[in-house]
Amino acid sequence: MLRTEVLGGLVVALALIPEAIAFSLVAGVDPRMGLFASFTMAVAISITGGRPAMISAATGAVALVVAPLAREYGPEYLIAAVVLGGALQVVLAVAGVARLMRFLPRSVMVGFVNALAILIFLAQLPHLAGVPWTVYALLVVGLAVIVGLPRLTRAVPAPLVAIVVLTAVTVGFGMAVPTVGDQGALPDSLPVLGLPAVPLTGETLGVVAPYALALAFVGLLESLMTAKLVDDITDTHSDKTRESWGQGVANIVTGLFGGMGGCAMIGQTMINVKVSGARTRLSTFLAGVFLLVLVVALGDVVARIPMAALVAVMVMVAVGTFDWRSLRSLPRMPRSETAVMLSTVAVTVATHNLAYGVGVGVLVAMVLFARRVAHVVEVTGVLDPDGSTKIYRVSGQLFFASSNDLVFRFDYAHDPEHVVIDLSAAHIWDASTVAALSAITEKYAARGTTAVITGMNEQSRQRHAAVAEHVVARP
């Protein structure tokens, strides 16, 4: 419904304002850079993106990446990094980086979601420290409205009602509580199109490129994982390749308008999709438009919104984002799956960097998978009735981990003069396995025994033929 999309965009815009200001401070730049980035990212991605209803804006992950650059070289170099990072995202999209999402295990995805929920909740705690008791009372009222109102009616998003009610109460009773205006100055003019004022030299490229590359990877990782999460919530499929180059275009546009860059925002996306029920690009577009109108035309009104109202919204977003089923299923889950999920959560929360957490989670999953597969290789030996030939049947996936001790599974000293190694139930994946097989045949040859490898499928045979002459046999 049109009303759902419009109201969803309005709620997201209100929630974006303090977040954008806070992320600007993290990056060490003027709050206007974060607010302008949120406007341009939302509007641009609503047109170019591949996941309808997903919200992209200035984010903490991008702020952490570019903060050292802004601190050492200034905001113009940051803007140059954003433009270059956007261009790199387009290149990565064309190269097919979105297809790598298939290699993300479900345990990493669950860890990603749970870590996001924890980070969203932790980000609200500073707004609750050293404040008057009335802030806590307002928070309780806000939570009660958000939880209770949907049981009565869903005609208007509960978060929007909570924001309006708490703002009216604080203004009407003249309460001295922290407000959005306390977070930083709001802009009073529109963003202006222009190029970053940096020297177009190789030295500048050397300074900017590492940050641009990090921004490109972190932005794509968060955006693609958030898109996958929205796919699961809405039971719809999105175009990840389009989302990848769409993020790049949005960052280029954002940089040209003086913004600090950004990517998909899980918290605001959950507000839009789960809380408000929005499903189309219109809500994303309106979130950006409303944001600009609110901070430029209605800045004085927005500045009086109590932070307690927005904290209440984000706390409920954190509660709704966390996968509570993952906790209930822990006793029944394999230890390896639990280790992957917990390592993703722990690293993400410790570093406040989703890219690090996901990277560690994928690495742990790979190691545990390799370890598990390595133990399913079987070698069984059968002696011919006449005793002249022994046949070893090898089954399983042969790669560096599983073939590491393959050489020790044969009885070189007592086998007869002829040995057949049957690989019809196995598959050769790498040069390490070819080297192991060469070592086996050489050990037999040293004892005057003829060892023949048979039964290789076509792929294994081709790999063995291509690599056998160039590998050094294992001892």
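Residues numbered from 1 in each chain as written. Predicted model: local features only at pLDDT ≥ 70, side-chain atom pairs only at ≥ 80, totals over all residues. Heavy atoms only, no water.

Take the overall build of the chain next. Scanning the chain from N- to C-terminus turns up 18 helices and six strands. Summarising its shape, the C-alpha atoms of the chain cover approximately 100 × 55 × 40 Å along the three principal directions. Considering only intrachain contacts with a sequence separation of at least 6, the fraction spanning at least 24 residues in the chain is 84%. With an accessible surface of roughly 21200 Å², the chain has 65% of that area assigned to carbon and sulfur atoms. Charge separation in the chain, taken as the distance between the mean sites of 30 positive and 29 negative side-chain charges, equals 8 Å. (Helix = DSSP H or I, 4+ residues; strand = E, 2+ residues; numbered from the N terminus. Contact = heavy atoms within 4.5 Å. Areas by Shrake-Rupley, 256 points an atom, 1.4 Å probe, with all protein chains shown as cover. Lys, Arg positive; Asp, Glu negative; His and termini not counted. Charge placed at Lys NZ, Arg CZ, Asp CG, Glu CD.)

A rise of 1.5 Å per residue sets the reference length of helix H11 (residues 281–296), with its 16 residues, at 22 Å; its end C-alpha atoms lie 23 Å apart and thus fit the reference within 8%. Among the residues of H11, Ser-283, Thr-284, Leu-286, Ala-287, Gly-288, Leu-291, Leu-292, Leu-294 and Val-295 are the ones counted as buried. Elements that come into contact with the buried residues of H11 comprise helix H1 (2–27), helix H2 (31–48), helix H10 (266–275) and helix H12 (299–302). (Expected span 1.5 Å × (residues − 1). Buried < 20%, exposed > 50% of the residue type's maximum accessible area, 1.4 Å probe, protein only.)

Turning our attention to the sheet that holds strand E4 (residues 389–398). Spatially, E3-E4-E5-E6 is the arrangement adopted by the four strands of the open sheet, whose pairing is mixed. The sheet is open, and its two borders are formed by strand E3 (378–383) and strand E6 (450–454), each paired with just one other strand. Adjacent strand axes in the sheet meet at a mean angle of 20°, parallel and antiparallel pairs treated alike. Direction of pairing for strand E5 (residues 418–428) relative to E6: parallel, over a ladder of five bridges. Looking at the pairing, Val-419 lines up with Ala-451 of E6. Across the face of the sheet, helix H18 (residues 458–467) comes into contact with E5 and E6 while running at roughly 115° to E5. (Pairing = 2+ DSSP bridges. Axes fitted to C-alpha atoms, helices over the stretch in contact; angles between N-to-C directions.)

Right, let's get into the packing of helix H4 (residues 75–94) against helix H9 (residues 240–256). Their axes nearest at 7 Å, the elements H4 and H9 cross at an angle of 160°. Of the possible angle classes, the one that applies to H4 and H9 is roughly antiparallel. You can see that H4 and H9 cross each other, and the crossing is left-handed. On H9, the residues that touch Ile-79, Val-82, Val-83, Gly-86, Ala-87, Gln-89, Val-90 and Ala-93 of H4 are Thr-241, Ser-244, Trp-245, Gln-247, Gly-248, Val-249, Asn-251, Ile-252, Gly-255 and Leu-256. Partitioned by chemical class, the residues of the contact of H4 with H9 number ten nonpolar, eight polar and no charged. (Parallel < 35°, antiparallel > 145°, perpendicular 65-115°, else oblique. Left-handed = near helix turned anticlockwise from the far one by under 90°. Nonpolar A, V, L, I, M, F, W, Y, C, P; charged D, E, K, R; others polar.)

Right, let's talk about helix H8 (residues 202–234) for a bit. For H8, with 33 residues, the first-to-last C-alpha span of 46 Å sits near the 48 Å given by 1.5 Å per residue. In the structure, H8 departs most strongly from a straight axis at Val-208, where the bend amounts to approximately 35° and where the proline Pro-210 lies between one and four residues downstream. Looking one or two places after H8, you find Asp-235, whose phi comes out positive at around 55°. (Bend = angle between axes of the 7 residues up to and from the residue.)

For Thr-204, the position within the fold is in helix H8. Taking the relative accessible area as the measure of exposure, Thr-204 reaches 8% and is therefore buried. Within polar-contact distance, the side chain of Thr-204 engages the backbone oxygen of Pro-199 at 2.7 Å. The residues touching Thr-204, leaving out its near neighbours within four places in the chain, are Tyr-77, Val-198 and Pro-199. (Polar contact = N/O pair within 3.5 Å; in protein donor to acceptor, adjacent residues only side chain to side chain.)

Among the surface-exposed residues, Leu-2, Leu-282 and Phe-285 lie close enough to one another that they form a single nonpolar patch of about 260 Å² accessible area. Tracing the backbone shows Phe-285 in helix H11. (Patch = residues over 30% accessible without salt bridge, like charges linked within 9 Å, V, L, I, M, F, W, Y side chains within 5 Å. Salt bridge = Lys/Arg side-chain N within 4 Å of Asp/Glu carboxyl O.)

One pass over the full model with this rule turns up seven salt bridges. Arg-32 serves as the salt-bridge partner of Asp-30, at 3.1 Å between the closest nitrogen and oxygen. Accessibility expressed as a relative area gives 39% for Arg-32, which makes it partly exposed. The residue Asp-323 makes a salt bridge to Arg-325 at a minimum N-O spacing of 3.8 Å.

Direction vectors running N to C along H1 and H11 enclose 50°, while the axes themselves pass 7 Å from each other. If you check the angle between H1 and H11, you find them oblique. In terms of crossing hand, the pair formed by H1 and H11 is right-handed. Contacts from Leu-2, Glu-5, Val-6, Gly-9, Leu-10, Val-12, Ala-13, Leu-14, Leu-16 and Ile-17 of H1 reach H11 at Leu-282, Ser-283, Leu-286, Ala-287, Phe-290, Leu-291, Leu-294 and Val-295. Split into classes, the residues belonging to the contact of H1 with H11 amount to 15 nonpolar, two polar and one charged.

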